[in-house]
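Chain and residue survey
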Amino acid sequence: MTQRLMTALALTAILGTSPASAGEFRTEYTVSAIGLKIATTRFETTLTDDSYAINGTLRSAGVARLFTTTDGSLSATGSVSKGGIAARSFEVQYTDNKKSKRTTIASDGGRVTDYSNAPKINKGKDWVDVASDHLVGALDPIAASMVPAASLRDVCNKTVRLFDGAMRADLKLSYLRTTPFSAKGFSGDAVTCEAKFVPVSGYRKNKREIKWMRDNGRIEISFAAVGSTGFYAPVRAKVRAEAATIHLTATRFEQIAQ
């Protein structure tokens, strides 16, 4: 249950923000597995014409708290332009059964310049090191969730270069379908992309879970347009992992202040 919950919270960190025009915004998500709620999240986003600042909370919920008490916070900053997102800082810290963990990522000029994990990662002999060129164009989990596109369908014509402080992976998006979606503060179409998971570096080469996700896992992410900004943000996701299928759904996706 602990590993399943941490997978869900990692997914939430990747998916949990909604860019839009200048103002303040709130997004809330529930995470579930085998029909049971296992986590809840909330994100507060402040946007100006050229920057973003995001603060969020992560919390295990429902039956998951019988097995693990996971609570955490997340923050991210960067700049916004018509050309896309330029990340500056990312930090996530949480406690899992009273054990504290923290990851920070610093970016500048379109590349990751520094990162740290506490406690340090147990790499093992089969660890695939992160090379410096792997960090060029790589985005932290929050920046990676904000997708610029010319149209709704064009969202799925992307490859996201993701770095979470340990692993560098590509998510290769391809179009599946377009369907209606509604949540508090939003009603409209959402495009669903299949996201092919391709590990690049920063992982144990022989780890069974990584191999399974690469070869057998299935990720679907649904994106919705936020205003007329040209950015799209996730509103729903489904991840078929080895242990269970994890679902994430936006229950709130709205502007709360100008």
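For the structure, check the block above.
Notes on the structure in this doc start here. For clarity, every value in this text was computed on a predicted model and none was experimentally measured.

Quick look at the state of the cysteines now. Following the criterion strictly, the structure yields one disulfide and no others. Each sulfur in the disulfide pair cysteine 156 and cysteine 193 lies 2.0 Å from the other. The sign of the S-S torsion, about -80°, decides the handedness of the disulfide formed by cysteine 156 and cysteine 193: left-handed. In this pair, cysteine 156 is assigned in the loop between β9 (147-148) and β10 (159-163) and cysteine 193 in strand β12 (residues 186-201), connecting sequence segments 37 residues apart. Considered together, cysteine 156 and cysteine 193 belong to a single accessibility category, that of buried residues.

Core analysis: the biggest nonpolar cluster contains 65 residues, and Tyr52, Ile142, Val155, Phe197, Ile219 and Phe223 have the highest contact counts within it. Leaving out residues up to four positions away in the same chain, valine 155 has contacts with Val147, Ala149, Leu173, Val191, Cys193, Phe223 and Tyr232.

With omega at -5°, the peptide bond leading from alanine 118 into proline 119 counts as cis. Within the secondary structure, proline 119 is located in the loop between β7 (111-118) and β8 (127-128).

All told, the structure shown has three aromatic pairs when counted by the stated rule. Ring centres 6.4 Å apart and planes at 40° place the aromatic pair phenylalanine 181 and phenylalanine 186 in the tilted group. We classify phenylalanine 181 as buried; its relative accessible area is 5%. Joined through ring pairs, the aromatic side chains of Phe181, Phe186 and Phe253 make up one cluster.

Looking now at the side chain of glutamate 28. With respect to the secondary-structure elements, glutamate 28 resides in strand β1 (residues 23-33). Residue glutamate 28 is classed as buried on the basis of its relative accessible area, which comes to 17%. Reaching out from glutamate 28, the side chain makes a polar contact with the side chain of arginine 42 at a distance of 2.9 Å. Other than its neighbours up to four places away in sequence, glutamate 28 contacts Thr41, Arg42, Thr249, Ala250, Thr251 and Arg252.

About the thresholds
Residues numbered from 1 in each chain as written. Predicted model: local features only at pLDDT ≥ 70, side-chain atom pairs only at ≥ 80, totals over all residues. Heavy atoms only, no water. Disulfide = S-S within 2.5 Å. Helix = DSSP H or I, 4+ residues; strand = E, 2+ residues; numbered from the N terminus. Buried < 20%, exposed > 50% of the residue type's maximum accessible area, 1.4 Å probe, protein only. Core = buried A, V, L, I, M, F, W, Y, C linked by side-chain atoms within 4.5 Å. Contact = heavy atoms within 4.5 Å. Phe/Tyr/Trp six-rings, centres within 6.5 Å; stacked < 30°, edge-to-face > 60°. Polar contact = N/O pair within 3.5 Å; in protein donor to acceptor, adjacent residues only side chain to side chain.

So far we have only geometry, and geometry alone does not tell us how the molecule works.
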